[in-house]
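Per-entry structural report
Single-letter residue listing:
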Amino acid sequence: MLISHGAAMFIDRLSRLASIPALLLSTLFLMASALPSAAIGLLRDADIEHGLTKLAAPVLTAAGLNAKRVRVLVVNDPSFNAFVVDSQTIFVNYGLILKVTSPEMLQAVIGHEAAHIANGHLSRRMQNMRSASSISGLGVALAVLAAAAGAGDAAAGIAVGTQSSALRSFLAHTRAEEASADRSAAGYLTRAGVSPQGLVDLHQVFAGQDILSTANQDPYMRSHPLSRDRLRAAKSYVASYGDRSTPNAEADYWFARVRGKLSAFNRSPKWTKRRAHEESSTDIRLMREAVAFHRLNNLKKSLNALNGALAQRPNDAYFYELKGQILMENRRWNEALSAYRRAVDLAPSEPLILGSYGRALLAAGQPKRAIQAMEKARARDFRDARLLRDMSLAYAKTGQNGMAALVTAERYALRGRMEDAGRHAKRATSLLPRGSATWRRAQDVLIAAEQYQKRK
């Protein structure tokens, strides 16, 4: 976990997660990894996630992780934070991406979180949580969950009235792990050919925040070392090992594109129009302008800008997907379907594009074909709650009410709404063939919902 900001809501979601049984095999395997992310809220975009994959791949490989399996997803939160809760996903707040100023800083964040996975910190923290819980009860257990989310401040507050020594013992472990993750990240960056100066720059940002917010905190009640100590260690690494990196135009491009699209959708269109000309890549500038004009309800100018970007990169699946989105949101169903079809041709294995294509097919009155595309998308990515909503509509339109109820139950489970999930799962079990694979999926959700109710 990178820093200790804004985890109060996260604590509740993690505590809910801890009450869900581990017996689920198919659909509810996602409860162990996707429930916290879904509860927090993710910003899912194929283009942005592709760019983050490009930036992360060399760092993950240097960490000894499979760059095709560990994903970087964007959390819908403006604060400066990143974290991991499972071994296959790194979560980065969109606020962090917009605030860092170089690809090396973002890759340093990814390297730090990758170190928590590679160094086995996640399993140890859960064991430490269980130990602390046995000593001091629920108060410390919740504090430990907060600390595991990177929320040292929240942890200290929750633990009031519990045995402080137990909490201090746990936080000592996490501080050591954070320092270890920084050291590992520096090594990963060097092996990946990325400048470790990014880690120094990152901690300089943290040090500036410390002056404003943590001057009076007890450093031994924090889940992270003091930022000035982390900054000193990063500077020492660079001084000892040097900077053997070389300029990387591809990393610069994808960093600019990720930030450009995020800012175009999260900042005002007027701001985007004023700042888009600063982009060194013409296609990114035009993409940002296309989004700004779309948000200003000027379809003609939006499409003109996006077609200009496509002229620069005619085989870019993600620009075609954006074109499909803009057309869909302007109710131009057939044109949107054409754009999405081209995007699928260019990126046939990209689940978010497949899901968007299925959505377009559904809007165009082709629910059977929509289901085919959506099932392919879901087989590759189970975290997309919007996809599950669209699938339930498509199944309902084709008269498959049992499947519609099942997918709805799974969508609610993904979002952590177990009472709603149980209600729809019960309906699904009454409609699906008893003993079938889909019936067993509904049973999994139903059992999880019932166990949740008993433990709540």
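Residues numbered from 1 in each chain as written. Predicted model: local features only at pLDDT ≥ 70, side-chain atom pairs only at ≥ 80, totals over all residues. Heavy atoms only, no water.

Looking at an unreviewed UniProt entry, the protein chain carries the name Peptidase M48, with the source organism given as Parasedimentitalea marina.

When helices and strands are tallied, the protein chain shows 23 helices and four strands. The buried share of the protein chain, reckoned over its 456 residues, is 57%. (Helix = DSSP H or I, 4+ residues; strand = E, 2+ residues; numbered from the N terminus. Buried < 20%, exposed > 50% of the residue type's maximum accessible area, 1.4 Å probe, protein only.)

A few words now on the sheet that holds strand 4 (residues 89-93). Strand order in the open sheet formed by four strands is 1-2-4-3, with mixed pairing between adjacent strands. Here the strands that pair on one side only, and so sit at the sheet edges, are strand 1 (42-43) and strand 3 (82-86). Inspection of the sheet shows strand 1 paired to strand 2 (residues 71-75) by two bridges, in the antiparallel sense. Each residue of the ladder has a partner; that of L43, found in strand 2, is V74. Strand contacts of helix 3 (residues 46-62): strand 1, strand 2 and strand 4, with the helix running at about 135 degrees to strand 2, the strand carrying the most contacts. (Pairing = 2+ DSSP bridges. Contact = heavy atoms within 4.5 Å. Axes fitted to C-alpha atoms, helices over the stretch in contact; angles between N-to-C directions.)

Another point: a positive patch on the surface. A contiguous patch of positive charge, built from K270, K273, R274 and K301, is present on the exposed surface. The element contributing the most residues to the positive patch is helix 13 (residues 269-275), with three residues. In this fold, K270 is placed in helix 13. Using a relative accessible area of 61% as the deciding quantity, one classes K270 as exposed. (Patch = residues over 30% accessible without salt bridge, like charges linked within 9 Å, V, L, I, M, F, W, Y side chains within 5 Å. Areas by Shrake-Rupley, 256 points an atom, 1.4 Å probe, with all protein chains shown as cover. Salt bridge = Lys/Arg side-chain N within 4 Å of Asp/Glu carboxyl O. Lys, Arg positive; Asp, Glu negative; His and termini not counted. Charge placed at Lys NZ, Arg CZ, Asp CG, Glu CD.)

This part is about the nonpolar core. In this structure, I90 and L106 are the most contacted members of the largest nonpolar core, which totals 106 residues. When residues of this core are assigned to domains, at least three map to each of domain 1 (46-241) and domain 2 (267-455). Ignoring sequence-local partners within four residues, the contact set of L106 consists of L52, L55, V92, L96, I97, V100 and F255. (Core = buried A, V, L, I, M, F, W, Y, C linked by side-chain atoms within 4.5 Å. Domains from an automatic or database assignment.)

Buried residues dominate strand 4, accounting for five of its five residues. Judged by which residues are buried, strand 4 turns out to be covered on both faces: T89, F91 and N93 on one side and I90 and V92 on the other are all buried. Pairing of strand 2 with strand 4 involves five bridges; the strand directions are parallel. Residue pairing for strand 4: R71 is matched across the bridge by T89. As paired elements, strand 3 and strand 4 share three bridges and run antiparallel to each other.

Considering all chains together, one arrives at 22 salt bridges under this definition. With a closest N to O distance of 2.5 Å, R44 and E49 form a salt bridge. For R378, the salt bridge identified is with E410, shortest N-O distance 2.8 Å. Linking R378 in helix 19 (residues 367-380) with E410 in helix 21 (residues 401-414), this pair joins segments that are 32 residues apart in sequence. Here R378 and E410 have matching classes, each one buried. Via salt bridges that share partners, D45, D47, R257, K261, R313 and D316 belong to a single interconnected network.

The next thing to look at is the packing of aromatic side chains. Two aromatic rings, taken as a pair, are described by how far apart their centres are and by the angle between their planes. Tallied over the full model, the rule gives three aromatic pairs. Ring plane angle 20 degrees and centroid distance 5.3 Å describe the contact between F83 and F91, whose orientation is recorded as stacked. The pair formed by F83 and F91 is uniform in burial state, with each residue classed as buried. Judged by centre distance (5.1 Å) and plane angle (85 degrees), the ring pair of Y253 and W254 falls under edge-to-face. (Phe/Tyr/Trp six-rings, centres within 6.5 Å; stacked < 30°, edge-to-face > 60°.)

Attention now goes to unusual backbone geometry. Even without glycine at this site, N297 takes up a positive phi of about 65 degrees. Take N297: it is sitting in the loop between helix 14 (282-295) and helix 15 (299-312). One non-glycine residue, R331, lies in positive phi territory at about 60 degrees. Position of R331 relative to the elements: it lies in the loop between helix 16 (317-329) and helix 17 (333-346).

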